[in-house]
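Each chain, letter by letter, is given below.
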Amino acid sequence: MARAHAAPSHLPLLEAHGRFLAARVDAARALPGCDNSAMDGWAVRAEETRGALRDRPARLRIVDTVYAGHLPRRALQPGEAARIFTGAPLPTGADAVVRQEAARPTDDGTHVELFISVLPGHDLRRAGEEVMPGAPLFPAGQRVDATVLGVLASLGEATALVRPAPRVAVLATGDELVPPGQPAEPHQVFESNRILVAALAREAGADVTWLDRSRDDEAELHAHLERLAPQVDVLITTGGASVGDRDCVKRVLTRMGARFLVDGVALKPGKPVAVARLGHTAVVVLPGNPGAATVAFDQFARPLILKHQGVLEQRRVVRARLSEARHKQAGLTYLVTVAALDVRDDGATPWARLRPQGAGQILQNVAAQGWAVLPSGRADFAQGEPVDVQLFALPDFQAVEAA
Ligand SMILES: Nc1nc2c(c(=O)[nH]1)N[C@H]1C(S)=C(S)[C@@H](COP(=O)(O)OP(=O)(O)OC[C@H]3O[C@@H](n4cnc5c(N)ncnc54)[C@H](O)[C@@H]3O)O[C@H]1N2
Ligand code: MOO
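Keep in mind the model is a prediction, meaning the values are calculated, not measured.

### Observations concerning the site of ligand 1
If you check the shell around ligand 1, you find 22 residues, and the closest are E176, E191, S192, A241 and G288. Between ligand 1 and E191, the relevant distance is 2.7 Å, taken from a nitrogen atom to a side-chain nitrogen or oxygen of the residue. In the model, a nitrogen atom of ligand 1 is placed 3.0 Å from a nitrogen or oxygen of the S192 main chain. Notes on ligand 1: free accessible area 860 Å², of which the protein chains cover 70%. Counting atoms within 2 Å of the grid points, the majority share of ligand 1 lands in the second largest pocket. Of all the elements in the fold, those that place two or more residues in the shell around ligand 1 are β13 (167-173) and β15 (189-190). Per-class residue counts for the shell around ligand 1 are 9 nonpolar, 9 polar and 4 charged.

### As for unusual backbone geometry
Negative phi is the rule for most residues except glycine; trans is the rule for most peptide bonds. In the segment running from L31 into P32, the intervening peptide bond is cis, with an omega of -15°. For P32, the location among the structural elements is in the loop between β2 (25-26) and β3 (36-37). At the junction of K268 and P269, the peptide bond is cis and its omega measures out at -5° in the coordinates. A positive phi angle, close to 55°, is found at D123, a residue other than glycine. In this structure, D123 sits in the loop between β9 (111-114) and β10 (124-125). Residue D123 is classed as buried on the basis of its relative accessible area of 14%. Even without glycine at this site, A367 takes up a positive phi of about 55°. Along the chain, A367 falls in the loop between β25 (351-354) and β26 (370-374). Owing to a relative accessible area of 60%, A367 belongs among the exposed residues under this scheme.

### Thoughts on empty space enclosed by the protein
This model, assessed by the stated rule, comprises 2 cavities of 30 Å³ or more. Its boundaries defined by the atoms lining it, the second largest cavity holds a volume of some 40 Å³. Lining the second largest cavity are P269, G291, V295, L335, V336, T337, P356, Q357, G358, Q364 and N365. In terms of residue class, the lining of the second largest cavity is built from 5 nonpolar, 6 polar and no charged.

Thresholds, definitions, all that
- Residues numbered from 1 in each chain as written.
- Chains lettered and ligands numbered in written order.
- Predicted model: local features only at pLDDT ≥ 70, side-chain atom pairs only at ≥ 80, totals over all residues.
- Heavy atoms only, no water.
- Near = heavy atom within 4 Å.
- Polar contact = N/O pair within 3.5 Å; in protein donor to acceptor, adjacent residues only side chain to side chain.
- Areas by Shrake-Rupley, 256 points an atom, 1.4 Å probe, with all protein chains shown as cover.
- 1 Å grid on protein atoms, 1.4 Å probe; cavity = no way out; pocket = protein on both sides within 12 Å on 5 of 7 lines; lining within 4 Å.
- Sits in = over half its atoms within 2 Å of the grid points.
- Helix = DSSP H or I, 4+ residues; strand = E, 2+ residues; numbered from the N terminus.
- Nonpolar A, V, L, I, M, F, W, Y, C, P; charged D, E, K, R; others polar.
- Buried < 20%, exposed > 50% of the residue type's maximum accessible area, 1.4 Å probe, protein only.
- Points joined across faces, edges and corners; volume = space filled by probe spheres on them.

Written as structure tokens, this is what we have:
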């Protein structure tokens, strides 16, 4: 879809949660910022602990107490030690810490006895040992999760440069649909796609600003589309995408001047999916079957929503063996829900535990791990046959230029 991403802006860290970095982040300071103690104990010169044992302790004069966030009052001279606490800066002259369990102050509090011998660097955290100033930390496209937020804050960043969430509207169509919470006859269907698709859109980073419903009536549908399209970046419809007499979504869009980039694909579930542009708005027409809507959203709407945020998602793909044989239409690629990857002791390749496939069913995708890809060109797949599985967890995101 030829559309520039939204301009990035600096958001307070918690508001940037779940978004994607619009530019690389380099470390603005060292981590840690200075040499400091890893333990509560005593800052010492390591050489002065040489040979120390419990019955032959090294004895040093206590000259200072250093707390985290405070500077030492003075440098350590030979024969001296400073009381020090975890995270407190190391006094000049000290090069090691002896933890307090291995030491004891004398009764008069003037000296400390050390029961172990330590080498320089013992129980210290060195300035820059984790991150050097200027080090490239996160690439553009990095997803801002909790761990990334923690790192940004520890570098002193109060904001992150991210693109705003694309605005998304979801319009469910169908005469048979009844909103949940109202009474329904057996021939009626509780409307579930709106909440399903809205939540999928949100999981892809969208700000779902509208949730509407239309009957299979061209004038009503037209009115909804005309009102919603200018207000959002991505408009997603469900139902009425196929060839039935009342499947009028594509017809109405065409009449409104939409340009179709995709209109039907060799994919199951999700075959009738379409992608179009209506003015500045990207429109994704999802099939009404919930299982088909889920796959079509995943393969067509999700990438669009992510692209608005400046990223291309790359899922991990693993080879796995089919837990059962499958027959399919040869001309279509099938995406079959994988409930789990099972590692058995019969080889290195895991087994993809397939769920029953039903475009009209809704349970198969709950807590799913990925899609098994049964490619077009063949009808029969044997049990145990290795195929590619697209995994949902831990994808890579790469920054992309606006098309
Ligand atoms: N003759 C043909 N018939 C069908 C074809 C075809 O190629 N030739 N394609 C089939 C495929 S594949 C799919 S997928 C479905 C999709 O059709 P539509 O997008 O037109 O969906 P509807 O007919 O409106 O609804 C299908 C099914 O889903 C239920 N539904 C719809 N919206 C919702 C909702 N918001 N919440 C819950 N359930 C919903 C609806 O009640 C129907 O049961 O077409 C095949 N037909
Ligand atoms: O594509 Mo439909 O999604 O096969 O049921």
